[in-house]
Amino acid sequence: MNLTTLIVISIASMLLMSLIVVLFVVLYQRRIIRHELDLKSIAEKKQLEVLQASLQAEEGERHRIASELHDDLGATLSATRLLIHHEEQLSADHEILQKAGSLVDESIQKIRSISHNLQPPTLEKLGLLSSITELHNTLNKSKSAVVTITTTSQIPRLDPHSELHVYRIIQELITNLLKHSKPKSIHFQLAAPTSELQITIKHDGHPFHQKDYLLLLETGSGIGLKHIDNRLKFVQGNLFFDRPRHGMSSINLSIPIYSKMK
Amino acid sequence: MDSLLDLLSILVPLLVCLVNIRSRKHVLWYYVLFGSIIECSILTSKILFGENNGLNILANIFILIELITIGCFYSIKFNNVWKKTILILTATASLIFVYDCIKSQLAEINTIALSCLSLLYLLVSTIGYLRMFRNMSHKYIESSSFFWFNTAFFIYASSSLLIFLFADYLMKENQQLFYYLWQYIYKIVNIARYALIGIGLGRLKRQ
């Protein structure tokens, strides 16, 4: 083999080698990225599992405290109330006993309210719509704002865990709304047109923008919003703070109904 | 076939200059522009005066421009350690190239210097791939403009290295073979280089 042939073969080999290197670079980079994505997905899955365990523990604790308050302390106070009532009929000093009785009544009412807030009784039995209606009644009674509610289609039941998460999200949103936006009127709109539950909360208070929500989540300064985000991950839902239109801002919450909810 | 390749050698860089015209702020856009001007001048001269060795001065000027622009491109892309090394290498290589051209004949293409430059491009483009592996900034490597630029220089340098290195020998021993290598390998790879740079410039817009 003479030098000329060798040169030609070398040039051809170099060209071929360079093409193989480029192909290798593309395929190898894809493989690395795929591996990294797999690792990320495993980490996210684990994070979700930890989150799920922590949320379940939190809900369990709430349930336990609610039951203790309602069944134990509530019953004790009711018995005390009966005793006071009985003593009222025998004693001459009615005024003090009446005052004590009304204080006990007030305490029973507060305990009921705390207990219901910790574990909404209607949620498990009647579902999300009834619980939101109850929340709407409570808000109207408290006169914090004029609250209305409409449903445009039949609202299906989700699994109990998801319903509880959605309810907690709404509760947190309303608390934040009353605290920061100070609206005069709030309107709930519930719909389930396809395989998605859509909850819109319209209000005439100070608007809160999507970019602020994302910024607060990123900086980790909004604890309530962080809880909302964690629960949203759990139900695979989306939350969007829409731009104000005609003086009304809206918060759109969408949750897949037929997704694999845990 | 020969005239088609000559035509493509001019048309491809010209078209690349038009691709994503906003990317003219990019250093490689000027590189392609200079390339198309030089290719145009050489072809015009060939048509008007036949083979003209005097145009090798233009080719030598382009080699220097090529060296500086590619050096600048990689020094911008790389981090501090490689940045300094590449800038020093580019400056040294440019000075040696200018000195060597003046010392020998300016009208002759310095093939040894050219093969050294090809080796340098091969080195920096290999480092470019390693850097891409380390950074992993794109899910799909093809969506990165740097990948296309780097591939353009890598393929061009690896193919032209041996052609330049043995150019003098082949011109003496087998001129016909050298002509074929030049016409059908070097020119095609050169067109591919501009086309790949064009794809890279196009990707800049999407990024």
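Residues numbered from 1 in each chain as written. Chains lettered and ligands numbered in written order. Predicted model: local features only at pLDDT ≥ 70, side-chain atom pairs only at ≥ 80, totals over all residues. Heavy atoms only, no water.

1. Description of the sheet that holds strand β5 (residues 248-256) of chain A
Note on sheets: strands pair through backbone hydrogen bonds, and any given pair is parallel or antiparallel.
All names here are of chain A.
Then, number 1: Taken together, the five strands give an open sheet; going across it, the order is β1-β2-β3-β5-β4, and neighbouring strands pair in mixed fashion. Whereas interior strands pair on both sides, the edge strands pair on one side only; in this sheet they are β1 (146-151) and β4 (238-245). Here the strands of the sheet are splayed against their neighbours by 15 degrees on average, with no regard to which way each runs.
Then, number 2: Where strand β3 (residues 196-203) lies against β5, eight bridges are found, and the strand directions are antiparallel. Within β5, the position partnered with Lys202 by the bridge is Ser250.
Then, number 3: Packed onto the sheet, helix α5 (residues 160-181) meets β2 (185-191), β3, β4 and β5 and runs at close to 15 degrees relative to β3. (Pairing = 2+ DSSP bridges. Helix = DSSP H or I, 4+ residues; strand = E, 2+ residues; numbered from the N terminus. Axes fitted to C-alpha atoms, helices over the stretch in contact; angles between N-to-C directions. Contact = heavy atoms within 4.5 Å.)

2. Thoughts on the packing of helix α3 (residues 56-77) of chain B against helix α6 (residues 145-165) of chain B
Residues and elements named next belong to chain B.
Then, number 1: Where α3 contacts α6, the axes come no closer than 12 Å and their chain directions differ by 140 degrees. Accordingly, the angle class assigned to the pair α3 and α6 is oblique. Along this stretch, α3 crosses α6, giving a crossing that reads as left-handed. Contact with α3, carried on its side by Glu66, Ile70, Phe73, Tyr74 and Lys77, involves Phe146, Phe149, Asn150, Phe153 and Tyr156 of α6 and no other residues of that element.
Then, number 2: A breakdown of the residues in the contact of α3 with α6 according to their chemical character gives seven nonpolar, one polar and two charged. (Parallel < 35°, antiparallel > 145°, perpendicular 65-115°, else oblique. Left-handed = near helix turned anticlockwise from the far one by under 90°. Nonpolar A, V, L, I, M, F, W, Y, C, P; charged D, E, K, R; others polar.)

3. Brief notes about the pattern of salt bridges
All names here are of chain A.
Then, number 1: All chains considered together, the criterion is met by 12 salt bridges over all chains.
Then, number 2: Between Lys110 and Glu106 there is a salt bridge whose closest N-O contact spans 3.6 Å. Taken as a pair, Lys110 and Glu106 lie in helix α2 (residues 94-118) at a separation of four residues, close to a single helical turn.
Then, number 3: Residues Glu163 and Arg157 are paired through a salt bridge, measuring 2.9 Å at the closest nitrogen-oxygen approach.
Then, number 4: Assessed through its relative accessible area of 1%, Glu163 is described here as buried.
Then, number 5: Classification of Arg157 as partly exposed rests on a relative accessible area of 43%.
Then, number 6: Residues joined in a network through salt bridges with shared partners are Glu58, Glu59, Arg62, Arg168 and Arg231. (Salt bridge = Lys/Arg side-chain N within 4 Å of Asp/Glu carboxyl O. Buried < 20%, exposed > 50% of the residue type's maximum accessible area, 1.4 Å probe, protein only.)

4. A closer look at a nonpolar patch on the surface
Then, number 1: Residues Leu7, Leu11, Leu14, Leu15, Leu18 and Ile21 of chain B make up a contiguous nonpolar surface patch of roughly 540 Å² in combined accessible area.
Then, number 2: Following the sequence through the fold, Leu18 of chain B ends up in helix α1 (residues 2-18). (Patch = residues over 30% accessible without salt bridge, like charges linked within 9 Å, V, L, I, M, F, W, Y side chains within 5 Å. Areas by Shrake-Rupley, 256 points an atom, 1.4 Å probe, with all protein chains shown as cover.)

5. Focus on the interface of chain A and chain B
Then, number 1: Opposite the 20 residues of chain A that make contact, chain B presents 26 residues.
Then, number 2: Together, the buried faces of chain A and chain B total about 2,200 Å²; carbon and sulfur atoms form 84% of this surface.
Then, number 3: Considering only the side of chain A, the residues that lose the most area to chain B are Ile11, Met14 and Gln29 of chain A, jointly responsible for 26% of the buried surface there.
Then, number 4: On inspection of chain A and its partner chain B, the count reaches one salt bridge. (Buried area = accessible area lost by both parts, 1.4 Å probe.)

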